[in-house]
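Fold and geometry: a report
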Amino acid sequence: MQATIVEAVNDALHEEMDRDDRVVVFGEDVAESGGVFRATDELLEEFGSERVVDTPLSEIAIVGGATGMAMYGYRPVAEIQFSGFLPPAFDQLVTNASRIRWRTRGELTAPMVVRMPYGAGVRALEHHSESLEGAYGHLPGLQVVVPSTPADTKGLLTAAIRDPDPVLFMEPKRIYRSIREEVPEGEYEVPIGEAAVRREGEDLTVVAWGAMMPPTLDAVDDGDVDAEVIDLRTISPLDTETVVESVKKTGRCVVVHEGPRTLGVGSEIVARINDEALMYLESPIERVTGFDTPVPLLSMEDFYFPHPPRILDGIEAALAD
Amino acid sequence: MSDRASDIRAPPAVGDDGGGEVRYLSQSDLEVPTHQIVSPDGSYDDEAIPDLDDEELLDLYRWMVTDRVFSRRMVNIQRRGELGTFGSTRGQEASIIGSAFTLSPDDWLYVGRAWTPMFMRGASMKDMILFWRGIEEGQEAFAKVNAQIAISIGSHLPLVSGIAWGMHLDDADAIATAYLGDGATSTGAAHEGINLASSVGLPALFYCQNNQYAISMPYEKQSGANTIAQKALAYGIDAIRVDGQDVLAVYDAVSSAREKVLEGEPVFVESVTYRLDAHTTSDDPTRYRTDEEVDHWEEHDPIERYREFLKSEGLWSEIDHDAIVEEIDAEFDEALAAANAMEERAVAEMFTHVYDELPPELARQLDEFEELLERRPEMYDFIEQRPKG
Ligand SMILES: Cc1ncc(C[n+]2csc(CCOP(=O)(O)OP(=O)(O)O)c2C)c(N)n1
Ligand SMILES: [Mg+2]
């Protein structure tokens, strides 16, 4: 079927709820109204009010509750309405979800998913625009997944729901509805922790993910560059091998991300390339990222986002000398 | 404080246990009255009318109409594509105006769904248009009148307690007030903020507009507590539940609360009201509530009720309603024109005010970006400053 990213989320939730009675969906406005982006549309009608639940306006309870429910044996898929409202619940990720397995030597685990739309570009108010995958990826024990296509979204969300450990599933809301492509019917998984090579190329490697994929591909097309484009898909655990092997081949690399530059995921990618492929590099690795500022409010938010000319500028810098 | 502690620590006396029977503390034993002065049919007891002179009574009307006109105009310009989004306050005018009317300019204010209180403190409609257009100068203007809007729901309650703490240390003749919604009462931050005020004994007022919904979530599902007001008791502070469609009752309740708060006794007020419009312009309320319900509340229009009161008082003849609306419309037109005249801002705007001084790495990022914009003007194919939201 043809589907957008948000429809693919919905499809995966339908499939998994149908397959496994232990999958329970909850969050603010997810049931009666089907979610503010309609990601959970029709779930209430199909699976009933025991398994599709509108929660109070309580991020701590949503994430902490999911953790406890998962420890008990259910498979909660909790929604945080916007990633800007995860911070109150960050404590539950840090203190509990990410370390239950470690704390109990595997006796108890937290097989749960927290889904949330992230990123700038939808003309909303403050706290509706951030990309903090770098901060969340910093937590040992938490997996962080960021899909960029409808087909991947369905497969990765399915894998996340079935995964034995907690997954923070960050949905690129800027492209929720802008890409429509063939999404396979029925259930399938796209493995967590594996990057995808979107374009093969020889001259340099470009690494991006989530909402940065379309502008990155546009930049490569605009510049008519023979680039290998890698869609990271999972922030943690990071697929070092795919990135490093590509850089060994091309000798040059640009990392593109929307979140702030300092201590961003790009920093870690550069470090891993240095660890494993320093001698293959023909030029310094470039980073094209968001700035170390809060995302501006909507009137100036366009300035923040790495657009194709900025990405191409980074590519050309990496290709020079 | 110390008396209370010694009472609590004393072991219970034998025989205090109700004869060996388990006894519950239950909300069903609580009586939670709702303060009302003008009943829905317009009748009232003369004695109960708060001590306001005619001019003030007329001001209350004018401000309520301001609130309504402002919401109408904002929804309209949003539909024309001149605002990102907007949250209308229609239906909540008595709740908003009756409460804000009690505050003094020295008080600090942190609001949820309540915009006109900013105007009552001297911020302009233009500032509010800028805010909803995502132009930082909006919040800057509110800060100048010691007021802010909280977007992360509930996050402001600890701040308000902290502001009140400063006032307490200063022995200031002022209070800090948080407006919050019914949904906000479910956040951890709200609990901690209220409890802090109770624990230290701070001049903080918590004014909760229970407009029955948090987006699609009706209050009955938000919590098992029959009323929000009763929650205050668990923190050891006093509460008032008031009919939020009755501007005089709201004024009466909150001015009484403010007196207590000034003495360092925090108070929680639940104002029972209703959001007649959508949550914001992006919301479709037909997905979660019936037309009958909305119609029912349309019949409890707070402005209509107050009009009945003014008529009974013989004050209605003093009011030229159409002229008031015309005046407010003109004020809005002027504000909109001023907002539309906002100059485009330089890109440096994004980088300033993150810190007092730009750290070297941030300065470098700014330089690099300015240089890039010059070198690659095609960037502007992707960048639109949106002075109109
Ligand atoms: C911490 C947080 N979570 C979620 C949201 C998204 N959101 C915005 S308004 C709202 C409902 C607020 O309800 P209530 O507190 O009753 O205020 P009302 O809008 O009814 O005035 C929600 C869930 C938010 N802004 N902040
Ligand atoms: Mg509400």
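Residues numbered from 1 in each chain as written. Chains lettered and ligands numbered in written order. Predicted model: local features only at pLDDT ≥ 70, side-chain atom pairs only at ≥ 80, totals over all residues. Heavy atoms only, no water.

Considerations on the domain arrangement of chain A
Many descriptions give the size of an interface as the accessible area lost when the pieces come together. Residue and element names in this part refer to chain A. Segmentation of chain A into domains returns domain 1 (2-182) and domain 2 (196-320). On a C-alpha basis, the centres of domain 1 and domain 2 stand 26 Å from each other. The contact between domain 1 and domain 2 buries some 2000 Å² in all, and 56% of this surface belongs to carbon and sulfur atoms. Three residues, Glu 133, Val 146 and Arg 174, lead the burial of domain 1 against domain 2; their summed loss comes to 22% of the area buried on that side. Run the count over domain 1 and domain 2 and you get two salt bridges. Summed over the shared surface of domain 1 and domain 2, the result is 13 residue pairs in polar contact (both at pLDDT 80 or more). Looking at the side of domain 1 that touches domain 2, the elements with two or more residues in it are helix H6 (133-137), strand S6 (143-145) and helix H7 (150-162). Grouping the constituent residues of the side of domain 1 that touches domain 2 by class yields 13 nonpolar, nine polar and six charged. (Domains from an automatic or database assignment. Buried area = accessible area lost by both parts, 1.4 Å probe. Salt bridge = Lys/Arg side-chain N within 4 Å of Asp/Glu carboxyl O. Polar contact = N/O pair within 3.5 Å; in protein donor to acceptor, adjacent residues only side chain to side chain. Helix = DSSP H or I, 4+ residues; strand = E, 2+ residues; numbered from the N terminus. Nonpolar A, V, L, I, M, F, W, Y, C, P; charged D, E, K, R; others polar.)

As for the sheet that holds strand S9 (residues 196-199) of chain A
Residue and element names in this part refer to chain A. Pairing in this open sheet of five strands is mixed, and the strands run S9-S11-S10-S13-S14 from one edge to the other. Of all strands in the sheet, those with a lone pairing partner are S9 and strand S14 (286-290), marking the two edges. Adjacent strand axes in the sheet meet at a mean angle of 25°, parallel and antiparallel pairs treated alike. Docked against the sheet, helix H8 (residues 213-223) engages S9, strand S10 (204-208), strand S11 (227-231) and strand S13 (253-260), running at close to 175° with respect to S11. In the packing of helix H12 (residues 308-319) onto the sheet, contacts are made with S10, S13 and S14, and the angle to S14 comes to roughly 165°. (Pairing = 2+ DSSP bridges. Axes fitted to C-alpha atoms, helices over the stretch in contact; angles between N-to-C directions. Contact = heavy atoms within 4.5 Å.)

Things to note about the pattern of salt bridges
Residue and element names in this part refer to chain B. A complete count under the given rule lists 50 salt bridges over all chains for this structure. Taking the shortest distance from any N to any O, the salt bridge between Asp 333 and Arg 73 comes out at 2.6 Å. You can see Asp 333 sitting in helix H14 (residues 321-340) and its partner Arg 73 sitting in helix H2 (residues 54-79), a full 260 residues away along the chain. Classification of Arg 73 by relative accessible area gives buried; the value is 13%. (Buried < 20%, exposed > 50% of the residue type's maximum accessible area, 1.4 Å probe, protein only.)

Some remarks on the sheet that holds strand S2 (residues 23-27) of chain A
Residues and elements named next belong to chain A. The strand order across the open sheet built from seven strands is S3-S2-S4-S5-S7-S6-S12, with neighbouring strands paired in mixed fashion. The outermost strands of the open sheet, each flanked by one partner alone, are strand S3 (52-54) and strand S12 (234-236). Shown here is a sheet whose adjacent strand axes are inclined to one another by a mean of 20°, direction ignored. Note: S2 against S3, three bridges, orientation parallel. What sits directly across from Val 25, in S3, is Val 52.

A look at the coordination of the magnesium ion (ligand 2)
Geometry reference: four tetrahedral donors at a metal, ideal angle 109.5 degrees. Six octahedral donors, ideal angles 90 or 180 degrees. Residue and element names in this part refer to chain B. Those donors, Asp 182 (OD), Asn 211 (OD1) and Tyr 213 (O), are the protein atoms that reach the magnesium ion (ligand 2), and they lie 2.0 to 2.1 Å from it. As a motif over one chain, the donors of the magnesium ion (ligand 2) read D-x28-N-x1-Y. Taken as a pair, Asp 182 in the loop between strand S4 (176-181) and helix H8 (188-200) and Asn 211 in the loop between strand S5 (204-210) and strand S6 (213-214) lie far apart in primary sequence, 29 residues in all. With a relative accessible area of 5%, Asn 211 lands in the buried category. (Donors = N, O, S within 2.8 Å, 3.2 Å for Na, K, Ca; no water.)

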